[in-house]
Amino acid sequence: MATGFGGAVKLTGETEYKKALKEITQNLKEVTSELKLVTAQYDKNDTSTEALSAKSEVLTKRLEAQKEKVAVLKTQYKEMAAQYDKNKAKNEELTKKYEAEKSKLDQIEKTLGKTSKEYEEQAKVVDDLSGELKKSKTNQEANTKALSDMRIQLNNAETDVAKTTREIDNLSKEMQDGAKAADDLSDNVEKTGDS
């Protein structure tokens, strides 16, 4: 009798992944609170170099933590998907074995009848396989949901990276605009002085 078909996905190193994600999430909370502090320290519309630099520094920290989270999630998702595929193949193998044993049971019933010893033994094999198959299918459904949840988590993390990258780009543009305005003002002062 086959055992261990299509169990729930349990990754080697899963505990380490969860620990790493927990640490990264904590780091992101800390950086987010740091960003709130910087925002509170400067007026919302403050475009001074000091304010923009402080915001940029914190956003860069947040981006690095988010990228780290994405990397961990991608690795975990890849390993989970590979294990899921192996378990799916085992489930399919179990299904084929069950169908073959059930067919054998039907053949014994036709030739020897339901009261024969062979039928009773084969019926036990089929019942055992049926129980394993139900368990395997339940695990497959749980694995499918877990893989989907992991994909959603990965997509959300990648969305956060994109948003933070856009924030940094906008901040960089503000800093460049501020520097250009300062240069223009300096040029105007020089021209006024020359006049």
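Residues numbered from 1 in each chain as written. Predicted model: local features only at pLDDT ≥ 70, side-chain atom pairs only at ≥ 80, totals over all residues. Heavy atoms only, no water.

*Asks:* Please set out the overall build of the protein residue by residue, giving values where relevant.
*Replies:* Each helix and strand counted, the protein has three helices and zero strands in total. Looking at the protein as a whole, 32% of its 195 residues qualify as buried. The contacts in the protein between residues at least 6 apart in sequence include a share of 84% that link residues at least 24 apart. Taken as a whole, the protein presents about 13,000 Å² of accessible surface, with 51% of it coming from carbon and sulfur. (Helix = DSSP H or I, 4+ residues; strand = E, 2+ residues; numbered from the N terminus. Buried < 20%, exposed > 50% of the residue type's maximum accessible area, 1.4 Å probe, protein only. Contact = heavy atoms within 4.5 Å. Areas by Shrake-Rupley, 256 points an atom, 1.4 Å probe, with all protein chains shown as cover.)

*Asks:* Hey, could you go over helix H2 (residues 49–112) for me, with residue numbers and the actual values?
*Replies:* Over its 64 residues, H2 extends 91 Å from the first C-alpha to the last, a length consistent with the 94 Å expected when each residue adds 1.5 Å. Gly113, located one to two residues past H2, shows a positive phi value of around 90°. (Expected span 1.5 Å × (residues − 1).)

*Asks:* Hey, could you go over the pattern of salt bridges for me, with residue numbers and the actual values?
*Replies:* Tallying each qualifying case throughout the model produces seven salt bridges. Ionic pairing is found between Glu167 and Arg62, a salt bridge with its closest N-O pair at 2.6 Å. Remark: Arg62 occurs in helix H2 and Glu167 occurs in helix H3 (residues 117–194); sequence separation between them is 105 residues. Given a relative accessible area of 13%, Arg62 falls into the buried group. The salt bridge partner of Asp149 is Lys145, with a shortest N-O separation of 2.9 Å. Of this pair, Asp149 and Lys145 both sit in helix H3, four residues apart, which is roughly one turn of that helix. Assessed through its relative accessible area of 36%, Asp149 is described here as partly exposed. (Salt bridge = Lys/Arg side-chain N within 4 Å of Asp/Glu carboxyl O.)

*Asks:* Could you give an account of the environment of Leu154, with specific residues and numbers?
*Replies:* Examined against the element boundaries, Leu154 turns out to sit in helix H3. For the pair Leu154 and Ala71, spaced 83 residues apart in the sequence, the C-alpha separation amounts to 9.1 Å. When sequence neighbours within four positions are dropped, the list of residues in contact with Leu154 reads Val70, Leu73, Lys74 and Tyr77.

*Asks:* Summarise helix H1 (residues 14–41); cite the residues concerned and give the values.
*Replies:* Given 3.6 residues to a turn, an α-helix orients residues that are three or four positions apart in the same direction. Along its 28 residues, H1 runs 40 Å from first to last C-alpha, staying within 8% of the 40 Å computed at 1.5 Å per residue. Residues of H1 that are buried include every one of Glu14, Tyr17, Leu21, Ile24, Leu28, Val31, Leu35 and Val38, and no others.

*Asks:* Residues and numbers for the environment of Lys78, please.
*Replies:* Note on placement: Lys78 falls in helix H2. For the pair formed by Lys78 and Leu147, sequence separation is 69 residues and the distance between their alpha carbons is 9.8 Å.

*Asks:* Go over the confidence of the model for the protein with me, naming the residues and quoting the values.
*Replies:* Residues at a pLDDT of 70 or more form 82% of the protein, whose mean pLDDT is 83. In the model of the protein, H1 stands out as the element of lowest mean pLDDT, 80, in contrast to H2, which has the highest, 91. When the criterion is pLDDT under 50, residues 1–6 qualifies, and its contacts beyond four places in sequence or with other chains add up to 18 contacts. (pLDDT = per-residue confidence, 0-100.)

*Asks:* Before we move on, can you summarise the side chain of Lys69 with the specific residues and values?
*Replies:* Tracing the sequence through the fold places Lys69 in helix H2. An unpaired buried charge is present at Lys69: no salt bridge exists, and Asp160, the closest side chain of opposite charge, is 5.6 Å distant. Leaving out residues up to four positions away in the same chain, Lys69 has contacts with Leu21, Ile24, Thr25, Leu28 and Ala157. (Lys, Arg positive; Asp, Glu negative; His and termini not counted.)

*Asks:* Describe the packing of H1 against H2, naming the residues involved and giving the relevant values.
*Replies:* For the pair H1 and H2, the least separation of the axes is 9 Å and the interaxial angle reads 160°. Here H1 lies roughly antiparallel to H2, going by the angle between them. At the point where H1 passes H2, the crossing takes the left-handed sense. Here the contact of H1 with H2 is built from residues that sort into 14 nonpolar, six polar and eight charged. (Axes fitted to C-alpha atoms, helices over the stretch in contact; angles between N-to-C directions. Parallel < 35°, antiparallel > 145°, perpendicular 65-115°, else oblique. Left-handed = near helix turned anticlockwise from the far one by under 90°. Nonpolar A, V, L, I, M, F, W, Y, C, P; charged D, E, K, R; others polar.)

*Asks:* Explain the packing of aromatic side chains residue by residue, including any values.
*Replies:* With the rule as written, the count across this model stands at zero aromatic pairs. Across from the ring centre of Tyr77, 5.3 Å away, lies the NZ or CZ of Arg151, which sits over that ring. (Phe/Tyr/Trp six-rings, centres within 6.5 Å; stacked < 30°, edge-to-face > 60°. Lys NZ or Arg CZ within 6 Å of the ring centre and 35° of its normal.)

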